[in-house]
Amino acid sequence: MHKFTCPLCPNKCQLTVYEEADFKVTGNGCVKGQAYGRNQVLKPVRFLTSVVRVNSKLRSRCTVRTDRPVPEELLEPILAELKKTVCEPPVRAGQTLIANILDSEINIIATRNIKA
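For the structure given in this document, a descriptive report is provided here. Here the residue index of a chain counts from 1 through its sequence in written order. Side-chain atom pairs in this predicted model are given and counted only at pLDDT of 80 or more, local residue features only at pLDDT of at least 70, and totals for whole chains, interfaces and linings cover all residues. Side-chain measures here rest on the full set of heavy atoms in the structure, leaving out hydrogens and waters.

Our next topic: the pairing of strand 2 (residues 14–18). At least two DSSP bridges between two strands are required for those strands to pair. Strands here mean DSSP runs of E at least two residues long; helices mean DSSP runs of H or I at least four residues long; both are numbered from the N terminus. Bridging between strand 1 (residues 2–5) and strand 2 involves four bridges; their strand directions are antiparallel. Counterpart to Thr 5 in the pairing with strand 2 is Gln 14. Where strand 2 meets strand 3 (residues 24–26), three bridges bridge the pair, whose relative direction is antiparallel. Paired with Tyr 18 across the two strands is Lys 24, which belongs to strand 3. Count of turn residues in the strand 2/strand 3 antiparallel hairpin: five residues, of which Asp 22 carries a positive phi of about 60°.

Written out as structure tokens, the structure reads:
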């Protein structure tokens, strides 16, 4: 049995997932919560937000995010890769800074503008 809070809507339903009952989900107020609960037990994923260094006198860091959820087993390897990354300004919010990181089909996207 797994218990957690569903973050998909303002209701913040308290989900319970029963592995022994073919991953039955209870406590959900909508279909999205049922799918979320089942997926979190079978194949957990997270959106990743972090920072990368910037070669600039104005700002030393740029906030970034993934363009899709990341399987939990890739979180640490991606964070290690981001620690090694230095980007050159100008940077635009929404710009892909790293495409297909670690051959995962996940892109790293800038979330702020940084002038040259």
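Moving on, we come to the side chain of Thr 16. By the element assignment, Thr 16 lies in strand 2. Throughout, a contact is declared for two residues whenever any of their heavy atoms are within 4.5 Å. If near-sequence neighbours (up to four positions away) are discounted, Thr 16 is found in contact with Met 1, His 2, Lys 3, Lys 24, Val 25 and Thr 26.

Turning our eyes to something else, we now look at the sheet that holds strand 10 (residues 108–110). Within the open sheet, the five strands sit side by side as 8-5-6-10-9. Their pairing is mixed. In the strand order of this sheet, the two ends are held by strand 8 (86–87) and strand 9 (96–98), each with one partner. Across five bridges, the pairing between strand 5 (residues 49–54) and strand 6 (residues 61–66) is antiparallel. Looking at strand 6, one finds that Arg 53 is bridged to Arg 61.

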